[in-house]
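# Secondary and tertiary structure notes
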Amino acid sequence: MAVTSLSTTCDGLFIISLLVIVSSLFVPSSAQLNATFYSGTCPNASAIVRTTIQQALQSDPRIGASLIRLHFHDCFVNGCDGSLLLDDSGSIQSEKNAVPNVNSTRGFNVVDNIKIALENACPGIVSCSDVLALASEASVSLAGGPTWTVLLGRRDGLTANLAGANSSLPSPFEGLNNITSKFSAVGLNTTDVVALSGAHTFGRGQCVTFNNRLFNFNGTGNPDPTLNSTLLSSLQQLCPQNGSNSGITNLDLSTPDAFDNNYFTNLQRNNGLLQSDQELFSDTGSATIPIVTSFASNQTLFFEAFVQSMIKMGNISPLTGNSGEIRLDCKVVNGQSSTAEAEDIQLQSGSVEGGASLADM
């Protein structure tokens with residue numbers, strides 16, 4: 001009887017151990033990210049990123065907002081794998097050419113400068129996708145926002161997803177239901193929608209991103225009724241109905257280069273610049289309204305929620321372990337050349353047919 005009991009116990013322990021092993025195979029890859037990933041291989045990675053951004057801010061005060069937007073637009077397509085950074089090549093259609101990104105996303109040159117500095121310090125160690133995560137934290141903290149421990153260990157993807165960028169990225173013209181659905185598709189909830197939208201507390205917006213609100217909102221022939229009348233007047237002057245739509249204005253009217261909770265108080269005054277901003281507060285009955293109210297009255301609460309949402313967003317389907325690669329140049333997959341580089345080489349050798357010569361300029 002004792003032998004039978006022992007055998008049963010052993011069988012039970014074996015089954016439990018087997019279940020633990022099997023279940024570990026299905027732990028999300030984000031669990032493999034950790035704060036000390038580069039402590040032994042590139043201990044100064046975070047400092048290098050921060051220093052490079054500080055230098056860029058001296059000539060471009062909006063670069064921080066641009067860098068965090070790159071991280072956001074990268075993670076929503078194929079997960080946080082640096083796919084947004086890839087240029088066109090013979091086998092890749094760049095996400096940079098997607099409607100939400102073309103002539104809109106910026107800061108790629110700063111990413112390149114960060115990568116060069118990292119390659120000089122610790123060659124082949126820090127991924128481009130981790131550069132975006134580190135750059136986001138540095139950009140926020142340098143603007144007076146919260147700091148947080150960035151989880152690291154992402155690897156870079158080997159391809160891009162142009163179609164995914166066109167369909168998955170939230171648009172400033174979309175209603176709140178569509179935006180919430182796109183966040184939900186990548187595992188982010190309503191609080192994440194509001195907290196991450198709070199990144200619009202710094203940076204700029206082009207006329208093309210909000211002119212739908214100025215003259216003929218939703219085909220009504222009138223401006224968006226939720227737009228503050230004083231703000232409406234100034235925006236109509238900046239972006240006339242038949243103008244070029246190239247004008248740029250601050251996303252946050254009061255503290256455009258500071259990371260604070262004024263974005264939410266702006267929404268309470270109908271001073272949200274984008275339709276997707278203002279709907280967080282003006283969409284009657286929406287679950288986002290009490291969250292906006294709480295963030296407007298308590299900056300610490302907003303900062304804490306923003307940090308949690310950024311960490312959560314940075315955990316969207318990262319490549320880890322042996323997946324992907326560590327790109328040496330964020331613009332191209334290792335061993336390949338981008339279309340631009342290939343054309344440059346051809347121009348230097350005089351082999352491009354139909355190309356414009358210097359005399360044509």
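Residues numbered from 1 in each chain as written. Predicted model: local features only at pLDDT ≥ 70, side-chain atom pairs only at ≥ 80, totals over all residues. Heavy atoms only, no water.

Going by the annotation in an unreviewed UniProt entry, the name recorded for the chain is Peroxidase, with Microthlaspi erraticum given as the source organism. Among the UniProt annotations of the chain, the heading Function (unreviewed entry) holds the following wording: "Removal of H(2)O(2), oxidation of toxic reductants, biosynthesis and degradation of lignin, suberization, auxin catabolism, response to environmental stresses such as wounding, pathogen attack and oxidative stress. These functions might be dependent on each isozyme/isoform in each plant tissue." (UniProt positions renumbered as here; feature names shortened; annotations may be inferred.)

### Things to note about the overall build of the chain
Helix and strand counts for the chain stand at 14 helices and 2 strands. Across the 361 residues of the chain, 46% fall into the buried class. For the chain, restricting intrachain contacts to residue pairs at least 6 apart in sequence, the fraction spanning at least 24 positions comes to 75%. With the model as given, the accessible surface of the chain reaches about 17000 Å², and the carbon-plus-sulfur share is 54%. (Helix = DSSP H or I, 4+ residues; strand = E, 2+ residues; numbered from the N terminus. Buried < 20%, exposed > 50% of the residue type's maximum accessible area, 1.4 Å probe, protein only. Contact = heavy atoms within 4.5 Å. Areas by Shrake-Rupley, 256 points an atom, 1.4 Å probe, with all protein chains shown as cover.)

### What to know about the state of the cysteines
Each disulfide is one covalent bond, formed between the sulfur atoms of two cysteines. Under the criterion given, the structure shown has 4 disulfides. Each disulfide pairs two cysteine sulfurs, and for Cys75 the partner residue is Cys80, the sulfurs being separated by 2.0 Å. Disulfide Cys75-Cys80: torsion about the S-S bond near 120°, hence right-handed. Pair check on accessibility: Cys75 and Cys80 agree, each one buried. At a sulfur-sulfur separation of 2.0 Å, the disulfide partner of Cys207 is Cys239. The chirality of the disulfide connecting Cys207 with Cys239 is left-handed, given an S-S dihedral of about -75°. Separated by 32 residues along the polypeptide, Cys207 in the loop between β1 (204-206) and α9 (229-238) and Cys239 in the loop between α9 and β2 (248-250) bring together distant segments of the chain. The class for Cys207 is buried, based on a relative accessible area of 1%. For Cys239, a relative accessible area of 2% translates into the label buried. (Disulfide = S-S within 2.5 Å.)

### Observations concerning the layout of surface pockets
In this approach a probe as big as a water molecule rolls over the atoms, and the regions it shows empty are the leftover space. The space that makes up the largest pocket amounts to roughly 1000 Å³. What lines the largest pocket is a set of 42 residues, among which Arg69, His73, Pro172, His200 and Leu274 lie closest to the centre. Sorting the residues of the lining of the largest pocket by element identifies α3 (63-75), α7 (176-185), α8 (190-197), β1, α11 (275-282) and α13 (299-314) as the ones contributing at least two each. No other element matches the 6 residues that α3 contributes to the lining of the largest pocket. Split by residue class, the lining of the largest pocket holds 24 nonpolar, 13 polar and 5 charged. (1 Å grid on protein atoms, 1.4 Å probe; cavity = no way out; pocket = protein on both sides within 12 Å on 5 of 7 lines; lining within 4 Å. Points joined across faces, edges and corners; volume = space filled by probe spheres on them. Nonpolar A, V, L, I, M, F, W, Y, C, P; charged D, E, K, R; others polar.)

### Notes on the UniProt feature "binding site: Ca(2+) 1" (unreviewed entry) in the chain
As recorded in UniProt, the feature "binding site: Ca(2+) 1" (unreviewed entry) lies at Asp74, Val77, Gly79, Asp81, Ser83 and Glu95. For this annotated set, covering 22 residues, all C-alpha atoms fall within 13.0 Å of each other, a compact arrangement in space. By secondary structure assignment, the location of Gly79 is in the loop between α3 and α4 (108-121). Other than its neighbours up to four places away in sequence, Gly79 contacts Asp74, Ile316 and Ser317. One can find Ser83 in the loop between α3 and α4. For Ser83, the residues in contact, after removing those within four places along its chain, are Asp74, Val77, Asn78, Glu95, Thr159, Ala160 and Arg327.

### Re the packing of aromatic side chains
Within the structure shown, the criterion is met by 15 aromatic pairs. Summarising the aromatic geometry, the rings of Phe259 and Phe303 are spaced 6.0 Å apart at their centres and angled 45° between planes, so their arrangement reads as tilted. Placement of Phe259 in the loop between β2 and α10 (262-268) and of Phe303 in helix α13 is noted, with a sequence separation of 44 residues between them. Plain terms: the ring middles of Phe259 and Phe306 are 4.9 Å apart, the flat faces sit at 55° to each other, and that makes the pair tilted. With a gap of 47 residues between them, Phe259 in the loop between β2 and α10 and Phe306 in helix α13 connect regions that are remote in the sequence. Aromatic rings pair up to connect Trp148, Phe202, Phe259, Tyr263, Phe264, Phe295, Phe302, Phe303 and Phe306 into one cluster. Looking at Lys96, its charged tip hangs above the ring of Phe108, at a distance of 4.4 Å from the centre. (Phe/Tyr/Trp six-rings, centres within 6.5 Å; stacked < 30°, edge-to-face > 60°. Lys NZ or Arg CZ within 6 Å of the ring centre and 35° of its normal.)

### A look at the environment of Leu328
Within the secondary structure layout, Leu328 lies in the loop between α13 and α14 (339-349). A residue is classified by how much of its surface remains accessible, and Leu328, at 51% relative accessible area, is exposed. Taking the C-alpha atoms as reference points, Leu328 and Gly124, 204 residues apart in sequence, are found 6.1 Å from one another. Excluding anything up to four places from it in sequence, Leu328 contacts Lys115, Glu119, Gly124 and Asn334.

### Comments concerning the nonpolar core
Grouped together as the largest cluster of nonpolar side chains are 70 residues, with contacts concentrated most on Leu118, Phe264, Phe306 and Met313. Broken down by element, this core gets its largest block of residues, 8 residues, from helix α5 (residues 128-142). Contact partners of Phe264, with chain neighbours within four places excluded, come to Val194, Gly198, Val292, Phe295, Ala296 and Phe302. Counting 11 residues, the second-largest nonpolar core is a separate cluster that includes Cys207, Leu231, Cys239 and Leu251. (Core = buried A, V, L, I, M, F, W, Y, C linked by side-chain atoms within 4.5 Å.)

### Here we look at α8
Where burial is concerned, most of α8 is hidden: 6 out of the 8 residues are buried. For α8, every residue scored as buried is listed here: Asp192, Val193, Val194, Ala195, Leu196 and Ser197. Among the structural elements, α7, α10, α11, α12 (288-297) and α13 are those in contact with the buried residues of α8. Where α8 begins, the side chain of Asn189 points an oxygen toward the backbone nitrogen of Thr191, at a separation of 3.1 Å. (Polar contact = N/O pair within 3.5 Å; in protein donor to acceptor, adjacent residues only side chain to side chain.)

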